[in-house]
Protein chains: 4
Amino acid sequence: METIKWKTGITKVEPNKIVTKGYRQDELIGNVPFSHVVFLLIKGVLPNEKEGKMLDAILTACIDHGVTPPSSQAARVVASGGVPMPTAIAAGLMSIGDFHGGAIEKGALFLKDGVKRMKKEGKNIEEMAAILVKESKEKKQRILGFGHRIHTDDPRTKKLLSLADELGIAKDHVALSKAIAVELEKSLGKKLPINVDGCVAALISDMGFDWRLGKAFFVIGRCAGLTAQVYEEISREKPMRRMWSADVEYDGPEEKKVD
Amino acid sequence: METIKWKTGITKVEPNKIVTKGYRQDELIGNVPFSHVVFLLIKGVLPNEKEGKMLDAILTACIDHGVTPPSSQAARVVASGGVPMPTAIAAGLMSIGDFHGGAIEKGALFLKDGVKRMKKEGKNIEEMAAILVKESKEKKQRILGFGHRIHTDDPRTKKLLSLADELGIAKDHVALSKAIAVELEKSLGKKLPINVDGCVAALISDMGFDWRLGKAFFVIGRCAGLTAQVYEEISREKPMRRMWSADVEYDGPEEKKVD
Amino acid sequence: METIKWKTGITKVEPNKIVTKGYRQDELIGNVPFSHVVFLLIKGVLPNEKEGKMLDAILTACIDHGVTPPSSQAARVVASGGVPMPTAIAAGLMSIGDFHGGAIEKGALFLKDGVKRMKKEGKNIEEMAAILVKESKEKKQRILGFGHRIHTDDPRTKKLLSLADELGIAKDHVALSKAIAVELEKSLGKKLPINVDGCVAALISDMGFDWRLGKAFFVIGRCAGLTAQVYEEISREKPMRRMWSADVEYDGPEEKKVD
Amino acid sequence: METIKWKTGITKVEPNKIVTKGYRQDELIGNVPFSHVVFLLIKGVLPNEKEGKMLDAILTACIDHGVTPPSSQAARVVASGGVPMPTAIAAGLMSIGDFHGGAIEKGALFLKDGVKRMKKEGKNIEEMAAILVKESKEKKQRILGFGHRIHTDDPRTKKLLSLADELGIAKDHVALSKAIAVELEKSLGKKLPINVDGCVAALISDMGFDWRLGKAFFVIGRCAGLTAQVYEEISREKPMRRMWSADVEYDGPEEKKVD
């Protein structure tokens, strides 16, 4: 039986020595902020002060949005069944998909393609945004990352974008995103501002992260909020409590006998 | 149908305003380090500078331990099946149980009971440690949080403990933990030093966290490492690759016919 | 690097030959009912006709209980986030814990200990039941597997128990379970009949299954119902729809400024 | 707070009455085989004897393929961390994705499109198969559901296909699948027979199931095998045992100091 060969560029483990992406963990611990270590793990290099600050802000912007998102509901309902905390947190994270946090991934890919095409076709940001909005209207495809069920002016987005300007992080992807919001307003006759998913999509693109990592930042940040959700559920509520009310109507097949 | 009433002390969501544990998220973002926000989410108050630094260090100490722990293996093998990143990360977290990270939870409970009993019975740290080691020997029950398969002197533990001293975080639970290590060495005739789980158990106890949150810190920190593991798997390896070699011998029932 | 040795008694895989618990899969397929194959997988032998029928009935009794149990809610809410079907089904199964289906495992252990003790102490079923109910009252510990939020006379339990009598499956564990229900009624002054979890606990015990497998039968049966729940969710509902109503009140810390 | 309205066509729950897809559960239990109840849950009607037999065979064909598939590995490694059985089984199911069982879903969609196009373009089965194989070669896209790492003549496929003929279940989708295998052999100069995923894809298509349910049958069947895998792991092996050997080489960034 031949032995499988593995190569990994993440962590080297030797007796009494653990090296992650080139740095000894005992040098990272207490010296480099956790959010910078997250950057290191994913990007392979430590961030400069501005990048570190931006990523830290992104993680905080993802922590929690109350008890109603699918992730909170899933984590709490699974916790109420009486399972270990990691299982309940995991159930919450599993709901992060095409429709919950999905705009980060797809939004980042859309912006990346947009910026690439803009350069190739020699357009400026405003022209490119106008083209993309027009095309999406023709194809009846929503551009992901704009509009929110509750917020018309999401405080997280606002803060993240002003911070990105201040830190000099915002570049083409953020600019294209802002220009699309302007075009969407013209096209729809109402504001459809960048939401937090769309904002994170633009920021990680300008920071050079692979769009396929879009959901990862949401997962890492939200993991903290879900821990709080699960802990509140188990420390404050009864097991298997009735959590939500809904008027349930059965509209399946008529009652009948087994032949 | 009566409406269910919910009370939550985590996050208040109103149009254009999100308040977590009393703080507007747009004030936390970019102003308070992510690790301090984690503290806030779980403890309900912002940490002081020393507590914040200690928690940040704990999260970093949990990030990753290479490709061999069950969490890395589970995350990678699930990722190799071709699923979304959050599903694969979740599978990794689900392996965190009684035997993987379990010593944090149970170790913290053990130390808590030890410190309580010490005060009640008017013993000092050394006396209490001697009693606990003696009892565990008699009951043939391992004290959790000591010894490691690979490290005889875990660099993470060393760094966390020195930082805890420096920051004035280390109190009775850390002291009892250290005293137990001394007694274990006497009793066993060989070193069985505090491992990273046991160290985190002692630290969160001295920081006043509920022992039931033991695995949560590991989950939040490791979530970052698992993201890197999953990303490496999907960006560098072939789908459904053969990951591990093992010589498999079938020793089940003899082959027979269905009657 | 030494090769790990594995022994497995489940399935032998050779080119063009797959043998499970001694039987070629191509002989099982189409010749042995799926539920009997489940028995084979877990018990290591094919069931006789009566055992097979009983296990088949148990699996059917576990399939589904509408949209309100934690497993249905978790599966649906995770599905609504836009993830693959297996992830959503898995999330539903993950809610099966100490409080959701937990009575099967713990109930089976309780009955096993009860029957053992009965024999050891030379008591009859009725005496043992009286003792157990008295003790549970004194210790203020609920005996698991009795009473249901909705059903006073659960149709699944009724059918399973009559079938077990008919097939000659019911023995000491079922008898003890029935006797406990009688004693509980005397003790409480109201009926607290065996629920479906308690019934499955008694039946699998009389069929000789390890109590630790208690949740497994529920998992296998419910997996089918969760598939239907997830399929209904994705084929009939909008993504991330608001599923449940709840009046949410924030009672966390007062709003304050970051210093 | 308005109450959410739910409609469900799966199960109606009333006190002492549970009706699934029109049938009282107490009439299904013990009277209708579990695999037929699975059919009912998903299709909304009870199968006739032949359909019931075919689905039963499909479920059995999915039960287990030893310790090496990602689902078995994930379930076992998560179980070894010390978690509840449902969590470990769930982790196994979560690995079922685009590359593990994925050919059922995509294969069924491909066959469905193929049969539709055949009718529209007035081609016969052989002509359509030739076109599809030619096109896939030109586009360099693999047709999913053919070939297996271990089996050149998968015993499960052989048995399922002969049963489908015998029961009169096999129609256009199976025929197209067989014709594609013939064309692939011509095109590649070697046999690339229908594998079990491709076979299930063809069968469920001929039985009228939605292709999006492709993985569901695999999930339901495999759930039984994963139960056996998890049970073997916890009853026979040590917690957190080293499961697999692999020669791990770190090829990440060179070791360096934190500035």
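Residues numbered from 1 in each chain as written. Chains lettered and ligands numbered in written order. Predicted model: local features only at pLDDT ≥ 70, side-chain atom pairs only at ≥ 80, totals over all residues. Heavy atoms only, no water.

1. Re the relation of the copies chain A and chain D
At step 1: Of the two same-sequence chains, chain A is brought onto chain D (RMSD 0.0 Å, axial shift 0.0 Å) by a rotation of 180°. The symmetry that links the two subunits is that of a two-fold axis. Minimal C-alpha separation from the rotation axis in chain A is found for Thr87 of chain A, amounting to 3.4 Å.
At step 2: Counting the interface residues of chain A, we find that 100% of their copies in chain D are interface residues as well, pointing to one common contact surface. (Least-squares fit on C-alpha atoms with pLDDT ≥ 70 in both. Contact = heavy atoms within 4.5 Å.)

2. Things to note about helix H11 (residues 214-236) of chain C
At step 1: Between its first and last C-alpha, H11 of chain C extends 33 Å over 23 residues, near the 33 Å set by a 1.5 Å rise per residue.
At step 2: With respect to burial, H11 of chain C is a largely interior element, 20 of its 23 residues being buried. (Helix = DSSP H or I, 4+ residues; strand = E, 2+ residues; numbered from the N terminus. Expected span 1.5 Å × (residues − 1). Buried < 20%, exposed > 50% of the residue type's maximum accessible area, 1.4 Å probe, protein only.)

3. What to know about the interface of chain B and chain A
At step 1: Contact residues are listed per partner, giving 88 residues for chain B and 88 residues for chain A.
At step 2: Both faces considered, chain B and chain A share a buried interface measuring about 7,500 Å² in area, 68% of it formed by carbon and sulfur atoms.
At step 3: Counting the surface chain B buries against chain A, the share from its top three residues, Trp6, Ile29 and Phe34 of chain B, is 11%.
At step 4: The interface formed by chain B and chain A contains 0 salt bridges.
At step 5: Taken together, the links from chain B to chain A amount to 26 residue pairs in polar contact (both at pLDDT 80 or more).
At step 6: The element that contributes the greatest number of residues to the side of chain B that touches chain A is helix H11 (residues 214-236) of chain B, accounting for 16 residues.
At step 7: A class-by-class count of the residues in the side of chain B that touches chain A yields 44 nonpolar, 22 polar and 22 charged. (Buried area = accessible area lost by both parts, 1.4 Å probe. Salt bridge = Lys/Arg side-chain N within 4 Å of Asp/Glu carboxyl O. Polar contact = N/O pair within 3.5 Å; in protein donor to acceptor, adjacent residues only side chain to side chain. Nonpolar A, V, L, I, M, F, W, Y, C, P; charged D, E, K, R; others polar.)

4. Section: the environment of Leu132 of chain A
Residue and element names in this part refer to chain A.
At step 1: Position of Leu132 among the secondary structure elements: in helix H7 (residues 125-138).
At step 2: Owing to a relative accessible area of 6%, Leu132 belongs among the buried residues under this scheme.
At step 3: Between the C-alpha atom of Leu132 and that of Arg142, which follows or precedes it by 10 residues, the distance is 11 Å.
At step 4: The residues contacting Leu132, other than those within four sequence positions of it, are Phe110, Gly114, Arg117, Ile143, Leu176 and Ile180.

5. Considerations on the relation of the copies chain B and chain A
At step 1: Superposition of chain B onto chain A requires a rotation of 180° combined with a translation of 0.0 Å along the rotation axis, giving an RMSD of 0.1 Å.
At step 2: The fraction of interface residues of chain B whose copies in chain A are also interface residues reaches 100%, indicating that both copies meet through the same surface.

6. Points about the packing of aromatic side chains
At step 1: In this structure the tally under the stated criterion is 16 aromatic pairs over all chains.
At step 2: Aromatic side chains Trp244 of chain A and Trp6 of chain B sit 5.8 Å apart centroid to centroid with 25° between the ring planes, which places their arrangement in the stacked category. With one member in each of two chains, Trp244 of chain A in the loop between helix H11 (214-236) and strand E5 (246-250) and Trp6 of chain B in strand E1 (residues 4-8) form a pair that bridges those chains.
At step 3: Under the relative-accessibility criterion, Trp6 of chain B is labelled buried at 1%.
At step 4: Measuring from ring centre to ring centre gives 4.8 Å for Phe209 of chain B and Phe217 of chain B, while their planes differ by 65°; the resulting arrangement is edge-to-face. Judged on exposure class, the residue Phe209 of chain B and its partner Phe217 of chain B are both buried.
At step 5: Taken together, the ring pairs connect Trp6 of chain A, Trp244 of chain B, Trp6 of chain C together with Trp244 of chain D into an aromatic cluster.
At step 6: The ring of Phe209 of chain B is capped by Lys43 of chain B, whose NZ or CZ atom sits 5.0 Å from the centre of that ring. (Phe/Tyr/Trp six-rings, centres within 6.5 Å; stacked < 30°, edge-to-face > 60°. Lys NZ or Arg CZ within 6 Å of the ring centre and 35° of its normal.)

7. Comments concerning the interface of chain A and chain D
At step 1: Across the boundary between the two partners, chain A contributes 36 residues, which contact 36 residues of chain D.
At step 2: Its largest share of buried area at the contact with chain D, chain A owes to Tyr250, Glu255 and Val258 of chain A, together 20% of the area lost on that side.
At step 3: There are 8 salt bridges connecting chain A and chain D.
At step 4: When the shortest N-O distance is used, the salt bridge between Lys17 of chain A and Glu255 of chain D registers 3.0 Å.
At step 5: The interface formed by chain A and chain D contains 24 residue pairs in polar contact (both at pLDDT 80 or more).
At step 6: Elements with a minimum of two residues in the side of chain A that touches chain D: strand E1 (4-8), strand E2 (11-14), strand E3 (17-20), strand E4 (23-24), helix H1 (25-28), helix H5 (85-94) and E5 of chain A.
At step 7: By the bridge criterion, 5 bridges tie E1 of chain A to strand E5 (residues 246-250) of chain D in an arrangement that is parallel. Residue pairing across strands places Trp6 of chain A opposite Val248 of chain D, the latter belonging to E5 of chain D. (Pairing = 2+ DSSP bridges.)

8. Description of the sheet that holds strand E4 (residues 23-24) of chain C
Residue and element names in this part refer to chain C.
At step 1: Spatially, 3 strands are ordered E2-E3-E4 in an open sheet, and the strand pairing comes out antiparallel. Both outer strands of the open sheet, strand E2 (11-14) and E4, are each paired with one neighbouring strand and no more.
At step 2: Where strand E3 (residues 17-20) lies against E4, 2 bridges are found, and the strand directions are antiparallel. Residue Val19 lies in a different strand from E4, and its bridge partner there is Arg24.

9. Details of the sheet that holds E3 of chain A
Residue and element names in this part refer to chain A.
At step 1: Here 3 strands make up an open sheet; going across it, the order is E2-E3-E4 and the pairing antiparallel. Pairing within the sheet leaves two strands with one partner each, and these edge strands are E2 and E4.
At step 2: Bridging between E2 and E3 involves 4 bridges; their strand directions are antiparallel. Bridge pairing links Lys12 to Val19 in E3.

10. What to know about the confidence of the model for chain A
At step 1: When pLDDT is averaged along chain A, the result is 95; 99% of the residues meet or exceed 70.
At step 2: Both scores are available for the predicted complex, with the pTM at 0.97 and the ipTM at 0.96. (pLDDT = per-residue confidence, 0-100.)

11. Quick notes on the side chain of Asp206 of chain A
All names here are of chain A.
At step 1: Positionally, Asp206 belongs in helix H10 (residues 196-206).
At step 2: Despite being buried, Asp206 has no salt bridge partner; Lys171 is the closest side chain of opposite charge, sitting 5.9 Å away.
At step 3: Of note is the side chain of Asp206, whose polar atom sits 2.8 Å from the side chain of His173.
At step 4: Excluding residues within four positions of it along the chain, Asp206 makes contact with Ile169, Ala170, Lys171, Asp172, His173 and Val174. (Lys, Arg positive; Asp, Glu negative; His and termini not counted.)

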